[in-house]
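# What the coordinates show
Residue strings, one per chain:
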Amino acid sequence: QVQLLESGGGLVQAGGSLSVSCAASGRTLSSYAVGWFRQAPGNEREFVGAISGGSVDITTYVDSVKGRFTISRDNAKNTVYLQMNSLKPEDTAIYYCAASWRPLYSRSAHDYDYWGQGTQVTVSS
């Protein structure tokens, strides 16, 4: 069993930056693919980006955040990070991390086995 805990959300002005963390307990996260999803009020949960598990970090992002968001992992801390730069009001949402025991990342929420509780990110204009 893997427990995930997000932290680092908050309020930021448009153009600013935030880093959100996803800390794992119960299992070593390095072999798991980790995805980031977000859900804004009235919208469905959408894929933001993901990082593969294993010895080589391969990342993928939705087009709307490419060049602005970066996912990385620190295996020593059993934590995955989502660095968000040049934030826009449309990035406002609850951000969730999710882990899959399959090392290859997926853009589908259905492929993830464990979820964090989410952290609110609000970008003011």
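In case you missed it, the structure is sitting above this.
Conventions and cut-offs
- Residues numbered from 1 in each chain as written.
- Predicted model: local features only at pLDDT ≥ 70, side-chain atom pairs only at ≥ 80, totals over all residues.
- Heavy atoms only, no water.
- Disulfide = S-S within 2.5 Å.
- Helix = DSSP H or I, 4+ residues; strand = E, 2+ residues; numbered from the N terminus.
- Buried < 20%, exposed > 50% of the residue type's maximum accessible area, 1.4 Å probe, protein only.
- Salt bridge = Lys/Arg side-chain N within 4 Å of Asp/Glu carboxyl O.
- Pairing = 2+ DSSP bridges.
- Axes fitted to C-alpha atoms, helices over the stretch in contact; angles between N-to-C directions.

What follows deals with the state of the cysteines. Taken as a whole, this structure holds one disulfide when the rule is applied. Two residues, C22 and C97, share a disulfide whose sulfurs are 2.1 Å apart. Between C22 and C97, the S-S dihedral sits near 70°, and the bridge is therefore right-handed. Of the two residues, C22 is situated in strand β3 (residues 18–25) and C97 in strand β9 (residues 93–100); the sequence distance between them amounts to 75 residues. Given a relative accessible area of 0%, C22 falls into the buried group.

Okay, the pattern of salt bridges next. Enumeration over the complete set of coordinates arrives at six salt bridges. Measuring nitrogen to oxygen at the nearest pair gives 2.9 Å for the salt bridge that ties D91 to R38. Placement of the pair is D91 in the loop between β8 (79–84) and β9 and R38 in strand β4 (residues 33–39), with a sequence separation of 53 residues. The class of R38 is buried, set by a relative accessible area of 6%. A cluster of three or more residues bridged by salt bridges with shared partners is formed by R38, E46, R68 and D91.

Moving on to the sheet that holds strand β1 (residues 3–7). The strand order across the open sheet built from four strands is β1-β3-β8-β7, with neighbouring strands paired in antiparallel fashion. Both outer strands of the open sheet, β1 and β7 (69–74), are each paired with one neighbouring strand and no more. Mean inter-strand twist for the sheet, computed between neighbouring axes without regard to direction, equals 20°. For β7 and β8, the ladder comprises six bridges, and the chain directions are antiparallel. Bridge assignment links T70 to a residue of β8, and that residue is Q83.

With that out of the way, let us pick up unusual backbone geometry. In this structure, N78 takes a positive phi of about 55° despite not being glycine. Looking at the secondary structure, you find N78 in the loop between β7 and β8. Its identity as a non-glycine residue notwithstanding, S86 has a phi of 50°, on the positive side. Among the secondary structure elements, S86 is positioned in the loop between β8 and β9. In this structure S86 comes out as partly exposed when scored by relative accessible area, which is 41%.

Judged by how many residues are buried, strand β5 (residues 46–51) sits mostly within the fold: five of six residues are covered. Pairing between β4 and β5: five bridges, direction antiparallel. Paired with R38 across the bridge in β5 is E46. Between β4 and β5, which pair antiparallel one after the other, the connecting turn spans six residues, and G42 there sits at a positive phi close to 80°.

Shape descriptors only; they carry no functional weight alone.
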